[in-house]
Amino acid sequence: MTVPLTIEFTTFKQTAQIAEQFRQRFLSHAGVVPFTGEESTVGVENEFQVAVEGRKTEVDLAVTLVDSNSYKNLRARAERGDLSPHLLAELNGFLDEEKNRLWENSWVRFPLGLLGPYAASILKQDLLADKNDSRGPTRQDIDQFLFTRENEPWIRIPISYLLKLSLAQAIGAWKPENDRAHGLIQRTGEQLMHHLINDNSSPEITSFTLSSGGTGELPGRNTARETSRRFLFLQLLIQYANHAFQLRQRGQTCRMYMAPNPPFRQKQLNELIPDQFYRELFLNPCLSGWRHGEVKKEYMGLCHRTLSRSQLNTIAKLKEAGIIVNNLVVLPNTSSTSLANNGTHITLGSRVLSHWYRESQGMLTEKYFGDLVIKIVEHFLPLFVTTCSAAPYRLGFSDFHPEKALGYLPHELDYTHLRMLWRRWKKKADLRFCGHGFTPVGPQWLDRLTSTLLRLRGDYLPDVRLIDYLVALHGVDHSPALDGQLGNQERLKTNLTEMGVFDSRMAIYLPYRMRDLGKYGFTGFEGRHYSLFPDLSHSLALAVNLQTLITAMSYRWVIEGTVTHADIPDDPCTESERRQIFFAAAIGLPTVFIRADTRNRVLRRILGLVERQRPSRRYRGYVRIEVSGYQRACLEILRSEEGTGRHLSDCSSLFDTLGAMLKEERLSAAGRLTEAILGKHGRGSDPMRVDSNEFNRMAEHYYRDDLCRLHLENGLETLLEDAVRLDGCTDNEIGSLKELLIGSTPAALFIRETGCRLRDGVATEQEIHLLILLSLVILHQEIRHNDITF
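The shown structure was predicted, so the numbers you read here are calculated from the model rather than taken from an experiment.

The rules behind these values
Residues numbered from 1 in each chain as written. Predicted model: local features only at pLDDT ≥ 70, side-chain atom pairs only at ≥ 80, totals over all residues. Heavy atoms only, no water. Helix = DSSP H or I, 4+ residues; strand = E, 2+ residues; numbered from the N terminus. Contact = heavy atoms within 4.5 Å. Patch = residues over 30% accessible without salt bridge, like charges linked within 9 Å, V, L, I, M, F, W, Y side chains within 5 Å. Areas by Shrake-Rupley, 256 points an atom, 1.4 Å probe, with all protein chains shown as cover. Salt bridge = Lys/Arg side-chain N within 4 Å of Asp/Glu carboxyl O. Buried < 20%, exposed > 50% of the residue type's maximum accessible area, 1.4 Å probe, protein only. Axes fitted to C-alpha atoms, helices over the stretch in contact; angles between N-to-C directions. Parallel < 35°, antiparallel > 145°, perpendicular 65-115°, else oblique. Left-handed = near helix turned anticlockwise from the far one by under 90°. Nonpolar A, V, L, I, M, F, W, Y, C, P; charged D, E, K, R; others polar. Pairing = 2+ DSSP bridges. Core = buried A, V, L, I, M, F, W, Y, C linked by side-chain atoms within 4.5 Å. Phe/Tyr/Trp six-rings, centres within 6.5 Å; stacked < 30°, edge-to-face > 60°. Arc of directions from axis to C-beta.

Chemist: Even after reading the chapter, I still don't get the environment of Leu741, so can you show me in this structure?
Modeler: Position of Leu741 relative to the elements: it lies in helix H26 (residues 732-742). In sequence terms Leu741 and Val50 are 691 residues apart; their C-alpha atoms lie 30 Å from each other. When residues no more than four places from it in sequence are discounted, the contact partners of Leu741 are Trp174, Leu770, Leu773, Leu774 and Val777.

Chemist: Any chance you could explain a nonpolar patch on the surface here in plain terms?
Modeler: A contiguous nonpolar surface patch, about 370 Å² in accessible area, is contributed by Trp445, Leu449 and Leu453. Summarising the element assignment, Trp445 is placed in helix H16 (residues 444-454). Exposure remark for Trp445: the relative accessible area of 58% places this residue in the exposed category.

Chemist: Explanation requested: the packing of helix H8 (residues 220-244) against helix H19 (residues 538-560) in the structure shown.
Modeler: For the pair H8 and H19, the least separation of the axes is 8 Å and the interaxial angle reads 135°. When the interaxial angle is binned, H8 and H19 end up oblique. Note that H8 runs across H19; the crossing there is right-handed. Residues Gly220, Arg221, Thr223, Ala224 and Thr227 of H8 form the contact with H19, whose own contacting residues are Leu540, Ala541, Val544 and Asn545.

Chemist: What should I look at first to understand the packing of H19 against helix H23 (residues 651-662) in this one?
Modeler: The geometry of H19 relative to H23 is characterised by a closest axis approach of 11 Å and an angle of 110° between their N-to-C directions. Comparing their axes, H23 and H19 come out roughly perpendicular. Residues Leu542, Asn545, Leu546 and Leu549 of H19 form the contact with H23, whose participating residues are Cys651, Leu654, Phe655, Thr657, Leu658 and Met661. A class-by-class count of the residues in the contact of H19 with H23 yields 8 nonpolar, 2 polar and no charged.

Chemist: What is the right way to look at the environment of Gly396 in this model?
Modeler: Structurally, the position occupied by Gly396 is in the loop between strand S11 (393-395) and helix H14 (402-405). Distance in space between the C-alpha atoms of Gly396 and Arg457 is 5.9 Å, their sequence separation being 61 residues. Excluding its chain neighbours within four sequence positions, the residues that come into contact with Gly396 are Arg457, Gly458 and Ser692.

Chemist: Can you walk me through the sheet that holds strand S17 (residues 591-595) in this structure?
Modeler: Through backbone hydrogen bonds, the strands of a sheet pair up, either in parallel or in antiparallel fashion. Strand order in the open sheet formed by 3 strands is S17-S19-S18, and the pairing between neighbours is antiparallel. The two strands at the open ends of the sheet, each matched to only one other strand, are S17 and strand S18 (614-615). As judged from the 2 bridges shared by S18 and strand S19 (residues 622-626), these two strands associate in the antiparallel manner. Paired with Pro615 across the two strands is Val623, which belongs to S19. Packing against the sheet, helix H15 (residues 415-428) makes contact with S17 and S19, and its axis sits at approximately 155° to S17.

Chemist: Sorry, what's going on with unusual backbone geometry here?
Modeler: Most peptide bonds take the trans configuration, and most residues that are not glycine carry a negative phi. For Asn151, which is not glycine, the phi dihedral falls at a positive 65°. Looking at where Asn151 falls in the secondary structure, it is placed in the loop between strand S5 (146-149) and strand S6 (152-157).

Chemist: What's the story with the side chain of Ser228 in this structure? I'm lost.
Modeler: On the secondary structure map, Ser228 appears in helix H8. When sequence neighbours within four positions are dropped, the list of residues in contact with Ser228 reads Leu536, Asn714, Gly715 and Thr718.

Chemist: Please explain the nonpolar core as it appears in this structure.
Modeler: As a rule of thumb, nonpolar side chains are buried together in soluble globular proteins. In terms of nonpolar packing, the biggest core is built from 245 residues, with Phe380 and Trp425 touching the most fellow members. Ranked by residues supplied to this core, first place goes to H19 with 14 residues. Sequence-distant contacts of Trp425, defined by excluding residues within four places in its chain, comprise Leu395, Phe400, Ala405, Leu406, Asp459, Leu461, Ile587 and Leu589.

Chemist: Honestly, the packing of aromatic side chains in this entry has me stumped. Any pointers?
Modeler: The way to describe two aromatic rings as a pair is by their centre distance and the angle between their planes. Applying the stated rule across the entire model yields 32 aromatic pairs. Aromatic pair Phe35 and Tyr555: ring centres 5.8 Å apart, planes at 45°, arrangement tilted. With Phe35 in the loop between helix H1 (12-29) and strand S1 (40-47) and Tyr555 in helix H19, the pair connects residues that are 520 residues apart, well separated along the chain. The same class applies to Phe35 as to Tyr555, namely buried. Seen from their ring centres, Tyr520 and Phe522 are 6.4 Å apart, and the 55° between their planes marks the pair as tilted. For Tyr520, a relative accessible area of 31% gives the class partly exposed.

Chemist: Just checking my understanding: could you explain the sheet that holds strand S16 (residues 523-530) for this structure?
Modeler: The 6 strands are arranged S7-S8-S1-S10-S16-S15 in an open sheet whose pairing can be described as antiparallel. Looking at which strands have only one partner, the edges of the open sheet turn out to be strand S7 (196-198) and strand S15 (512-515). Strand after strand, the sheet turns through a mean of 25° between neighbouring axes, direction not considered. Sheet strands touched by H8: S1, S7 and strand S8 (203-206). Its angle to S1, the strand with the most contacts, is close to 35°.

Chemist: Would you mind going over the pattern of salt bridges with me for this structure?
Modeler: Side chains that differ in sign of charge can pair as their charged atoms come close. Applying the stated rule across the entire model yields 52 salt bridges. Two residues, Asp459 and Lys428, come together in a salt bridge whose shortest N-O distance is 2.8 Å. Here Asp459, found in strand S14 (residues 459-461), pairs with Lys428, found in helix H15; they are 31 residues apart in sequence, far enough to count as distant. By relative accessible area, Asp459 is classed as buried at 3%. Owing to a relative accessible area of 28%, Lys428 belongs among the partly exposed residues under this scheme.

Chemist: Where do I start with helix H4 (residues 85-95) in this structure?
Modeler: Since one α-helical turn is 3.6 residues long, residues separated by three or four positions face the same way. Along H4, the residues that are buried comprise Leu88, Leu91, Phe94 and Leu95. Looking straight down H4, one finds its buried side chains confined to an arc of 115°; they lie on one side. Opposite the packed face of H4, turned more than 90 degrees from it, sit the exposed residues Pro85 and His86. In this fold, the buried residues of H4 make contact with helix H2 (60-67), helix H3 (69-80), strand S3 (102-104) and helix H9 (264-270).

Chemist: Just checking my understanding: could you explain the pairing of strand S2 (residues 49-53) for this structure?
Modeler: Counting buried positions over the 5 residues of S2 gives 4, a clear majority of the element. Alignment of S2 against strand S9 (residues 253-257), held across 5 bridges, turns out to be antiparallel. If you follow Gln49 over to S9, its bridge partner there is Tyr257. Judged from the 3 bridges that link them, S2 and S3 form a sheet pairing that is antiparallel. Paired with Val52 across the two strands is Trp103, which belongs to S3.

Printed below as a string of structure tokens:
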């Protein structure tokens, strides 16, 4: 939430002078380069896709939809003839699609009496309007969660909150005679509950423990181990809930997995219902993780309303940019599904900076240098796109209306780069027949006919999430977001609110965002540009290590005075110029255009290493460069900077891996995901040979089954390593606790055998329960070992 600034205003010149004094002192006395070795910490937020499998008569989403006034009114209007029966038929078709008995982001419902005393006490507290006031009133929307069925009290909750109740149920169901042992398990579980929160639609789970590098080691491996361990623990909670709350036997089998794009069926339903009803069905009620849940819920609604309105406002910008040249447009839906995108946020913290910025004028200096670091890092973000993570997607011919395909890009790039990008995108896509380019005209039946007759297939995007989501807010003249001045982002948000693009009450949208000391208790940066990882081991470790190296290099440039704010001007065109490369990589465009006389000195340094560039014949004063060449130039700079001996010994493996991907000698994240999606169904290796809807459904199926199983195996591998250490632990309390759970059986043996049964879906409720408790013992050790303070 936005907070007012309470410090005295300073001019840019005054801020620069104060920052320069700080820089000189830091350079003389700190003795440590920020974000290197054990000095840095890493935390991860993962947004998960959830679904409930079952019949429409048993699954909450379908039942709620049919019982709603919106559906009843629609049916009554259709029966009176006031409304075309076509809409009702489509909605009924959505409900009756028995071949797909999967309901993404549905809630669950079960008898309240199934909750044990401890889980019931957790629920009672979370239903309070203020969770810190146990004697206060309950939430005003409590009827949304509690209801009566056949004279029996029932509960309905989202899966993000089901995770917390499942953990509480597992803790409460274990009743050893040793109260001390139970107390340790309960305290550990309650610590984890603070991390089981929610995003706009999905569970958003933060790291249970912070990770760090070691001597001669980057933090990627430890971060990947924490993430995979956490993924496995969440799977245990989901499967335990299916048993303990009798969800499976009541026709509601819960699933949780990683998937980057809004589900096809959710987008389909969004086209059929009003936007307010969509929010009632899918936006999270924020039962967990927030002191005032209803206030946070209102904020979620604000985000959805703002992004939906902003999506409509892109049409005016496209007309002003000359991309829409007449009034023949397909209106975007008044309800956006972009908040159902799921990504991963990786946050780096710096102990030394957190210490230094506590001094006088620290907030001002932190902002000044933090903005500059973000601007530098943005030049290197194309290195991450498709290499570390991806979100493969197929656009059909009928999807190629600019007001649909370009997503939020009109709010993220200036008109010049937007026109250039759209023209190159149309050239890349399969939209030509006999030398003539075609674009859809509007009516679905005509677009489908044109596509079929002319064999126009649309396009393949390696990372659609970065296009379908508002990743970055484009600055406006006189209101830059990254000029180093306190309050600059508040001023930008106010201007964008007046333009109908944003709402000043929302947090700033940036692909790389500062975590400031005053608000978060530490100094660091959050990378928000990650989509889906093809594994939770090597790919995730690669991303963390790359982000760490780039951030360390950028901060070193700033502290050494190598790069200043003057080197990267803050005008909207210069900002858009560097960001267009990031978006072009997500679309898969081969080339972009850069001003030959750009005033951005960092960009000019990178361009000096880009091979195969030439002056543009179409755009006077611009040079045409290959996106892959730009990525290789960024890697070359990073390699040369990290080859000075001041950084860690395992950098060469990272550089070799990335270099092989950029030379197409090794599959990138996008290539691995796409090959796996197609290979599972025996469809070759070219996504363009598969119908767009079919490919996207195949992708969802792969994420839900095969990729989830792979991520589960990554977690089991990590837990087995943990179990070996647990077996060798000499702590008497831990040893007796392990014996209470599994007797004399070695933890590694128990986890190996039970884990195989879990992976195959045949583990019993008791086995799952024991795995949860044993995992809590391991997590207790991890929390104690990684007790990091700033």
